[in-house]
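The chain contents come next:
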Amino acid sequence: MSFTSEYFQINGINSSDIGVDGCYLIRTNSEINYPIFGGKEIIEEQNPYRDMPYHYYVKKQPIEFDLMFSLLDKEIDENRIYELGLIFAQDKYVEFRSCDFMGKIFYVLCTSMNLITYGSKKGWLQCHLRNSAPYAFSEIMINTFDLSDISTTPTLITMENKSNVTNQHGEYKYYPELEILLVGNVTGFSFYNLSDGNRGFGFSGLTKGETIYINNQKQQIISDIGETTYRLSKMLFSKNFFYLIYGENRISINCSGGTGGIILQSKCQFPIYM
């Protein structure tokens, strides 16, 4: 993998701030290789009496790539190697950004780092990075909808799924994180996705003034009333969690239990094939 730009950011640290005069991406050939998505392993079974194999699913492989870093004409001494080790040799996934992909984030873990020189202490370091997924991610997008006075009027909002990555069933579904504050005397709410056959999601029988956090992907519900307050039993629509289909989703929101409404905050970070 190679980049046009020589600047990058890893774990919140700008390349220009590494070392005395900065650290820069280099490439040793004229070709530029961008990672669009990781490899795919097709899981199928061949029947001797059938020409076409039975297709089960696709096993996606995380993106892996090599990067080369240079301190230009500066010597790579023990202090520089120590500093780069602190930055790159962490045993967790950290953010990696390049100016080539503005607004796109990789979460990478460095699995090896080699110093390459020609008999002196001048040269470059080569790192092998493994991304946490077969794709990149968008910036985190947070949207707030103040619907604090809709108890008697269904209200329409729009939410968008910007991911071009399908699940194992070939569906473009994205499960956002939601935080919902009940306002006034409201004790429940219902979402109807008009863009997806009026598919419903909601709760009833909650407590006035309660705030609940829903991680729809993990099917996790947290109430600010307390850790021992379980809200799964309060879910409507057969306890279906909320997701967005590809593109624009028109959501009709109703409230129940009394006058007031809700304040809704959504958090999305879309997986993206670049």
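Residues numbered from 1 in each chain as written. Predicted model: local features only at pLDDT ≥ 70, side-chain atom pairs only at ≥ 80, totals over all residues. Heavy atoms only, no water.

A.B. asks: What am I meant to see in the nonpolar core here?
C.D. replies: Core analysis: the largest hydrophobic core is formed by 26 residues, its most contacted members being Phe189, Phe191 and Ile262. Discounting chain neighbours no more than four positions away, the residues touching Phe189 are Ile180, Leu182, Phe201, Gly202, Phe203, Leu206, Ile212, Leu236, Asn254, Cys255, Ser256 and Ile262. Formed by 23 residues, the second largest nonpolar core is a distinct cluster that contains Phe8, Phe69, Val94 and Cys110. (Core = buried A, V, L, I, M, F, W, Y, C linked by side-chain atoms within 4.5 Å. Buried < 20%, exposed > 50% of the residue type's maximum accessible area, 1.4 Å probe, protein only. Contact = heavy atoms within 4.5 Å.)

A.B. asks: Can you walk me through the pattern of salt bridges in this structure?
C.D. replies: Once their charged atoms are close, side chains differing in charge can pair, the charge on each being opposite to the other. Tallied over the entire structure, the rule returns five salt bridges. Across the pair Glu139 and Arg97 runs a salt bridge, and its minimum N-O distance is 2.5 Å. With Glu139 in the loop between β10 (136-138) and β11 (141-147) and Arg97 in strand β7 (residues 94-98), this pair connects stretches of sequence that are 42 residues apart. The closest approach of N and O atoms between Glu210 and Arg231, which form a salt bridge, is 2.9 Å. One end of the pair, Glu210, is in the loop between β15 (199-203) and β16 (211-215); the other, Arg231, is in the loop between β17 (220-223) and β18 (247-256), with 21 residues separating them in the sequence. (Salt bridge = Lys/Arg side-chain N within 4 Å of Asp/Glu carboxyl O. Helix = DSSP H or I, 4+ residues; strand = E, 2+ residues; numbered from the N terminus.)

A.B. asks: Quick question: what am I supposed to make of the environment of Gln168 here?
C.D. replies: Here Gln168 lies in the loop between β12 (155-161) and β13 (177-184). We classify Gln168 as partly exposed; its relative accessible area is 46%. Between the C-alpha atom of Gln168 and that of Tyr56, which follows or precedes it by 112 residues, the distance is 9.4 Å. Those residues in contact with Gln168, other than ones at most four positions away along the chain, are Tyr57 and Val58. Within the structure, Gln168 has its side chain in polar contact with the backbone oxygen of Val58 (distance 2.9 Å). (Polar contact = N/O pair within 3.5 Å; in protein donor to acceptor, adjacent residues only side chain to side chain.)

A.B. asks: Quick question: what am I supposed to make of the state of the cysteines here?
C.D. replies: A covalent bond between the sulfur atoms of two cysteines is referred to as a disulfide. Overall, the coordinates contain zero disulfides when judged by the stated rule. Of all cysteine sulfurs, the one in Cys268 lies closest to Cys255, which takes part in no disulfide; the gap is 20 Å. Assessed through its relative accessible area of 11%, Cys255 is described here as buried. (Disulfide = S-S within 2.5 Å.)

A.B. asks: Just to check I follow, could you spell out the sheet that holds β18 for this structure?
C.D. replies: Strand pairing within a sheet occurs via backbone hydrogen bonds; the two strands may be parallel or antiparallel. Spatially, the four strands line up as an open sheet ordered β12-β18-β14-β15, and their pairing is antiparallel. Two strands lie at the open edges of the sheet, namely β12 and β15, each paired on one side alone. Each strand axis lies, on average, 25° off the axis of its neighbour in the sheet, ignoring direction. Inspection of the sheet shows β12 paired to β18 by seven bridges, in the antiparallel sense. Within β18, the residue paired with Leu156 across the bridge is Ser252. (Pairing = 2+ DSSP bridges. Axes fitted to C-alpha atoms, helices over the stretch in contact; angles between N-to-C directions.)

A.B. asks: Would you mind going over unusual backbone geometry with me for this structure?
C.D. replies: At Asn11, a position not held by glycine, the phi torsion is positive, near 50°. Along the chain, Asn11 turns up in the loop between β1 (8-10) and β2 (13-14). Not every positive phi belongs to a glycine, and Ser238 is a case in point at roughly 60°. If you trace the backbone, Ser238 turns up in the loop between β17 and β18. What makes Ser238 exposed here is its relative accessible area of 69%.

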